[in-house]
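Topology and contacts: notes
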Amino acid sequence: MELQTVSKSLDGGVLNGEEIAQLFRVPLFSRESAMIISSARHKSERASHGLAEVHAQVGLNVAPCPKNCMFCAFAAKNKVFVEPFDLPAQEVVNQARRFEEDGANAIFVMSTADYPFEKFIEMSQEIRGSLCAETILVANVGDFDRKQARRLKDCGFAGIYHAVRLGEGRDTRIPVQRRLETFRNAKEVGLSLGTCVEPVGSEHTIQELVEKTIITREANPVFSGSARRIPIPGTEMAKLGIVSEARMAHILAVVRLALSDDVGGNCTHEPSVIGAAAGANLLWAEAGSNPRDTETKTENQRGMKVQDCIRVLEEAEWKVLKGPSQFYRS
Ligand code: SF4
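Overview of the structure. (Residues numbered from 1 in each chain as written. Predicted model: local features only at pLDDT ≥ 70, side-chain atom pairs only at ≥ 80, totals over all residues. Heavy atoms only, no water.)

**Regarding the packing of aromatic side chains**
Stated precisely, the cut-off is as follows: Centres within 6.5 Å make a pair out of two Phe, Tyr or Trp rings, where for Trp the six-membered ring is used; the pair is then stacked when the planes are under 30 degrees apart, edge-to-face when over 60, and tilted otherwise. Think of it this way: any DSSP run of H or I at least four residues long counts as a helix, any run of E at least two long counts as a strand, and we number them from the N terminus. Classification of residues uses two cut-offs on accessible area relative to the type maximum, computed with a 1.4 Å probe and protein chains only: under 20% is buried, over 50% is exposed, and between them is partly exposed.
In total, this model carries 8 aromatic pairs according to the counting rule given. Arranged with centres 6.2 Å apart and planes meeting at 75 degrees, the rings of Y161 and W284 form a pair that is edge-to-face. Of this pair, Y161 sits in strand β6 (residues 159-161) while W284 is found in strand β11 (residues 282-288), placing the two residues 123 residues apart along the sequence. When its relative accessible area of 11% is taken as the criterion, Y161 is described as buried.

**Some details on the pairing of β11**
We count it as follows: The rule for pairing is simple: two strands pair if DSSP sees at least two bridges between them.
The buried fraction of β11 is high, at 7 of 7 residues. Pairing analysis gives 7 bridges linking strand β1 (residues 51-59) to β11, with the strands arranged parallel. Bridge pairing in β11 places H55 opposite W284.

**Describing the pattern of salt bridges**
The following threshold applies: A pair is scored as a salt bridge if a Lys or Arg side-chain nitrogen falls within 4 Å of a carboxyl oxygen belonging to Asp or Glu.
Enumeration according to the criterion identifies 22 salt bridges in this entry. The closest approach of N and O atoms between E19 and K8, which form a salt bridge, is 2.9 Å. Of this pair, E19 sits in helix α2 (residues 17-25) while K8 sits in helix α1 (residues 2-10), and the two are 11 residues apart along the sequence. Between E245 and R228 there is a salt bridge whose closest N-O contact spans 3.4 Å. Pair noted here: E245 is in helix α9 (residues 245-258) and R228 is in strand β9 (residues 223-228), with a separation of 17 residues, a long-range link. The partly exposed category is assigned to E245, whose relative accessible area is 34%.

**Topic: the nonpolar core**
Side chains of nonpolar character tend, in soluble globular proteins, to be buried together. For clarity, the cut-off: Buried Ala, Val, Leu, Ile, Met, Phe, Trp, Tyr and Cys residues that are joined via side-chain atoms within 4.5 Å together make up what is termed a nonpolar core. What makes two residues a contact is simply this: any of their non-hydrogen atoms within 4.5 Å.
Counting 50 residues, the largest nonpolar core has F99, F120, I127, L152 and F157 as the members making the most contacts within it. Per-element tally for this core: the top contributor is helix α5 (residues 117-130), with 5 residues. Setting aside chain neighbours within four positions, we find F120 in contact with L60, V109, M110, S111, Y115, A139, V141, L152 and F157. Ranked by size, the runner-up nonpolar core spans 26 residues in total, among them V26, A40, M248 and L257.

**Here we look at the packing of α2 against helix α8 (residues 206-218)**
Definition in use: Fitting a line to C-alpha atoms yields each axis, with helices limited to the stretch in contact; the angle taken between N-to-C directions then spans 0 to 180 degrees. Comment on the angle field: the value is read as roughly parallel under 35 degrees, roughly antiparallel over 145, roughly perpendicular from 65 to 115, and oblique elsewhere. Crossing handedness follows the turn of the near helix against the far one: under a right angle anticlockwise gives a left-handed crossing, and clockwise gives a right-handed one.
Between α2 and α8, the shortest axis-to-axis distance is 9 Å and the interhelical angle comes to 125 degrees. As the angle between them shows, α2 and α8 are arranged oblique. Crossing handedness for the pair α2 and α8: right-handed. Mapping the contact onto sequence places G17, I20, A21, F24 and R25 in α2 and I206, L209, V210, T213, I214 and R217 in α8.

What follows is the structure, given as structure tokens:
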């Protein structure tokens, strides 16, 4: 049965919810799981012409965020960052340039949801002006309206990263509809969307994984994939533990099979060799603030460098694209 579903995906068929659930249910380390992983890898290679990418994110600020997403270090109620702090503009620009020199295929600019939009535009203009014209810039910000989407486009962003997260509206104070509106606002002004099934925790049901996988597919993204929740020490959600990299490899492989070949990228975070071997062809380096870290400058703790991500991809037998992201160009 699973073989038929995998073949349907490889032949270009669109898997329905029950078929996706069936693939998620397959036990790890079974023959069927190995088949899912090898097929996802094949589909990823086919969709990205055998080339993986490394994107690099620079976070502009830390702050106690009122949206209170339980999994995020910035959530006010998690009390990790009590005082707001903005990274100096020159430091952010230097970091973005370093990522570019190191060979990142796209640079992401991230802020907390309540970071002033105009300030985000100003900082982004400085970053944009300091990078080569062909370098792809991507915004990872809170929800925005159509006018703000236009400002992001005019500022030189090729796209955004945005997701309807697992537990959205339950573990966060943001309604699912608000996230979907932001998808639409981006699309309407020509900003490409990268998204993901995240942040996966051990308590999430197959039904929720299926629902969020289908949301990413219906958003027509340039990449999807799956990422696990990183426990923030001392928080309620940390008590729920962490999903293993082996399980994440299976989950991201199923997400790959649920999306069509038109979607070039399949991401995972944080980077792992087993995830990349199973079909993740997009990994992230990070610097500055990071919602999964308790350090203001994640490059001193959790954040990986571009070279680290390239090494992970090469260990998983991927060739890494040189030059601007093909995912955000597609
Ligand atoms: S994930 Fe974004 S919106 Fe949610 S608490 Fe963190 S910064 Fe705020």
